[in-house]
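Each chain, letter by letter, is given below.
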Amino acid sequence: MSSLLSGPGEASKPKLLDQIRQLMRLRHYSLRTEEAYVGWIRRYILFHGKRHPRDLAESDIASFLSSLAVKGQVAASTQNQALNALLFLYREVLRRQLGFIGQTVRVKRPAKLPVVLSRAEVRAVLDELPGQYRLMGQLLYGSGLRLLECLRLRVKDVDLQYLHITVREPKGGKERKTMLPVSLAPMLREHLENVRQRHQADLAAGFGAVYLPGALERKLPGASREWAWQYVFPAERRSIDPGTGIERRHHVNEKNLQNAVKNAVRKARISKSASCHTFPHSFATHLLENGQDIRTVQELLGHKDVSTTMVYTHVLNRPGIGVKSPLD
């Protein structure tokens, strides 16, 4: 594939995939998005027999996306991500404005109802989570945080006095505040003291820096070592940042939390297909069951449209319209 990623007479230029990575890092895309986009563009090139994308037309993009829907049976969100990757390739890297992208077969799947645990099931799963993973699970359920929202929390985003959490750069980009459960404050305070001691040890060893979003690393050169910017749930070991080559401490790997929850669900003998995402689903459902206003729940979850929040009314013991079965 390498010969196709650099055209004739372009040996001195970076290969296409390297150009994409460089531009995405210049635009401050997340590493996760970078890996996803590069992966889709590589698949696109292989799908068309390793031809260079500049030699392909809009109809070729349509055929690739249709193949994902028909043969790959991917979700609608996955097909959209592949399209976004190709739009970035053509518009930002190859500097080519695309015309109408032909008759693409779009994925149309009915929306799935979220899996929700009962209060007793939530307690059973949390009781099986070890160490700091229990605290993470309690925040997922007690504050309605999504997986990465929890892992990316910074010390400055947790207010132990007013008992709220600020969620920054969430899914959808809408910054929001949510509650910090009163019962978690003492445990979280003790956890942060342990994290502070580890951070001080890192500083003494000549490390202690964390990744800063956007252009903050340039604007606030010393902030990456400040306590306020440290992750609430830092990784056990320091690692090399692939974007900068700097050794620093990242947050806990998402796979670790996912595996911990998976094992806890199994040990609690829960038959539902529960995961980290089940906790915020249960958070929203239980608030609605308690009579909380749906607009408030919408704000706490950061949904742009109340119709997204309405899905939780379909899994309540008492339907959102308050209709009882004749049998009851």
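Let me begin by describing the structure that accompanies this report. Predicted model only: the values in this text are computed from it and were never measured.

### Let's talk about the environment of Ala268
Logical step 1: Note that Ala268 resides in the loop between α11 (254-267) and α12 (278-289).
Logical step 2: Classification of Ala268 as buried rests on a relative accessible area of 18%.
Logical step 3: Along the backbone, Ala268 and Glu128 are 140 residues apart, and their C-alpha atoms lie at a distance of 6.8 Å.
Logical step 4: Leave out the neighbours within four places in its chain, and Ala268 touches Ala124, Val125 and Glu128.

### Structural notes on the nonpolar core
Logical step 1: Counting residues in hydrophobic clusters, the biggest one holds 52 residues, and the most contacted among them are Leu139 and Leu257.
Logical step 2: Counting only elements with at least two residues in this core, the list comes to α6 (119-128), α7 (131-142), α8 (147-151), β2 (164-167), α9 (185-204), α11, α12 and α13 (294-301).
Logical step 3: For this core, the element with the most residues is α7, which contributes six residues.
Logical step 4: Excluding anything up to four places from it in sequence, Leu139 contacts Gly144, Leu145, Cys150, Leu153, Ile165, Leu180, Leu184 and Phe233.
Logical step 5: In this structure, Ile45, Ala85, Leu86 and Ile101 belong to the second largest nonpolar core, which totals 31 residues.

### So, the sheet that holds strand β1 (residues 158-159)
Logical step 1: In space, the three strands of this open sheet follow the order β1-β2-β3, with antiparallel pairing throughout. The strands lining the two open edges of the sheet, one partner per strand, are β1 and β3 (176-179).

About the criteria used
Residues numbered from 1 in each chain as written. Predicted model: local features only at pLDDT ≥ 70, side-chain atom pairs only at ≥ 80, totals over all residues. Heavy atoms only, no water. Helix = DSSP H or I, 4+ residues; strand = E, 2+ residues; numbered from the N terminus. Buried < 20%, exposed > 50% of the residue type's maximum accessible area, 1.4 Å probe, protein only. Contact = heavy atoms within 4.5 Å. Core = buried A, V, L, I, M, F, W, Y, C linked by side-chain atoms within 4.5 Å. Pairing = 2+ DSSP bridges.

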